[in-house]
Structure formats: C-alpha cells, structure tokens
Amino acid sequence: MSDDAAIRRSLSEEIGYWLESASRTLEKRYGNGVPLAKQDMLLAHYLYGLTAVVHAGETPVSHLAAMRSYLGRLLPENRVAEALRAVPEEGDSWLENTLDRVEAIGEKQGHALQAQGIDIVIPFPSRHASAAGSAEPAVIERDPPKEALSQ
C-alpha cells in the first residue's frame with residue numbers, strides 16, 4: 001500500500017490496520033507457545049501505546065472506551081475485558097519486559113501517524129522514547145510489533 005493511500009485512510013481505519021497487523025504478528029510469532037490470555041495482554045498494551053498518542057488530551061475513561069472498541073473488532077467481549085484488566089504474574093519478567101517493548105512500539109507508531117499528517121491531537125512526551133527509537137515514518141515497518149516480539 002502506498003503512503004498516499006495510508007494517509008487517505010481515516011484515523012480509525014489506520015489504528016485498525018495497525019492493530020490487525022499486530023494481532024497477526026503475535027499469532028505468527030507465538031501461536032500455541034504463549035497462552036492466548038498473554039497474547040491478548042500484549043495486543044492490549046500495543047494498542048494502549050498506539051492510542052495514547054491519539055487520546056492524550058482526553059479523559060482516561062474516553063481512552064479506555066476507544067481501546068474497548070478497537071479490541072472488540074478482533075476479540076470476543078470476554079477476552080477484551082480480561083486483556084484490559086490483566087496484569088503479569090509476579091516474577092514473569094519475560095511478559096513484563098515484552099509488554100513494555102510492545103507498548104513502546106505502539107506509541108512509536110502513534111507518533112508516526114501524527115507525522116504522516118493524520119489529524120490527531122498533540123501527544124504528551126513519551127516515557128518509552130528510548131525504547132521505541134525514532135518516530136520518523138520512513139523508518140516504521142508495516143509490522144511494528146515484530147521488532148519487539150522477535151527478541
């Protein structure tokens with residue numbers, strides 16, 4: 001898909017595209033090797049990073065509602081609710097580290113959407129900037145979660 005076509009998509013379509021891409025990457029990378037509940041948590045954290053840029057000026061309730069809506073396009077309602085409430089078990093350092101990396105990649109993509117000219121609000125400073133790297137659109141892969149999930 002050309003960059004011009006990506007810019008013509010609405011913000012909602014663009015977020016949906018990136019979320020579906022992340023979902024496919026998680027499925028390919030982990031398949032049956034990681035429980036579905038953990039994969040759902042990874043997807044929710046990626047989405048949080050991606051949408052935190054978009055919803056920076058809104059209330060947390062509004063941001064959460066948007067996340068529920070996006071996740072609801074891919075997951076059954078019960079899995080959405082669980083993914084949004086779940087926290088890693090104490091001592092699960094792999095999951096904690098992977099959640100941070102995936103969230104940083106989502107946030108990086110949110111900044112890239114802004115750089116592409118998608119009409120979104122000005123983001124707050126990134127707490128994951130060093131983990132995610134540059135937000136220049138030219139360096140963003142079309143499968144951003146692959147970067148973190150391959151480690």
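Everything below is about the structure shown above.
Here's a quick rundown of the structure. It should be emphasised that the depicted structure is a prediction, and the values quoted were computed from it without experimental measurement. The written sequence of each chain sets the order in which its residues are numbered from 1. With the structure being a predicted model, the display of local features is reserved for residues of pLDDT at least 70 and the display and counting of side-chain atom pairs for 80 or more, all residues being used for whole-chain, interface and lining totals. Side-chain figures throughout are based on the complete set of non-hydrogen atoms in the structure, without hydrogens or water.

1. Quick look at the packing of aromatic side chains
- Stacked, tilted and edge-to-face pairs are distinguished by plane angle, under 30 degrees for stacked and over 60 for edge-to-face with tilted covering the rest, among Phe, Tyr and Trp rings (Trp via its six-membered ring) whose centres lie within 6.5 Å. Using the criterion set out here, one finds two aromatic pairs in the structure.
- Look at Tyr 17 and Trp 18: their rings are 5.5 Å apart centre to centre, the planes differ by 85 degrees, and that puts the pair in the edge-to-face class.
- Overall, Tyr 17 belongs to the partly exposed group, its relative accessible area being 24%.
- Whether a residue is buried, partly exposed or exposed follows from its accessible area with a 1.4 Å probe, protein chains only, as a fraction of its type maximum: under 20%, in between, or over 50%, in that order. For Trp 18, a relative accessible area of 1% puts it in the buried group.
- Ring geometry for Tyr 30 and Trp 94: centres 5.6 Å apart, planes at 85 degrees, overall edge-to-face. Linking Tyr 30 in helix α2 (residues 11-30) with Trp 94 in helix α6 (residues 93-115), this pair joins segments that are 64 residues apart in sequence. What counts as a helix is a DSSP run of H or I of at least four residues, what counts as a strand is a run of E of at least two, and both are numbered from the N terminus.

2. Observations concerning the packing of helix α4 (residues 60-72) against helix α5 (residues 77-85)
- α5 packs onto α4 with a crossing angle of 135 degrees between their chain directions and a minimal axis gap of 9 Å. Relative to α5, the element α4 is oriented oblique. Here the hand of the crossing between α4 and α5 comes out right-handed. Residues Leu 64, Met 67, Arg 68, Leu 71 and Gly 72 of α4 form the contact with α5, whose own contacting residues are Val 80, Ala 81 and Leu 84.
- Basically, the charged four are Asp, Glu, Lys and Arg, the nonpolar ten are Ala, Val, Leu, Ile, Met, Phe, Trp, Tyr, Cys and Pro, and anything else, Gly included, counts as polar. A class-by-class count of the residues in the contact of α4 with α5 yields six nonpolar, one polar and one charged. Note on geometry: axes are C-alpha line fits, over the in-contact stretch for helices, and angles between N-to-C directions span 0 to 180 degrees. In this scheme, roughly parallel covers angles under 35 degrees and roughly antiparallel covers those over 145, while 65 to 115 is roughly perpendicular and the rest are oblique. The handedness criterion is simple: a crossing whose near helix is rotated anticlockwise from the far helix by less than a right angle is left-handed, and one whose near helix is rotated clockwise is right-handed. Throughout, a residue-residue contact means that at least one pair of heavy atoms, one from each residue, lies within 4.5 Å.

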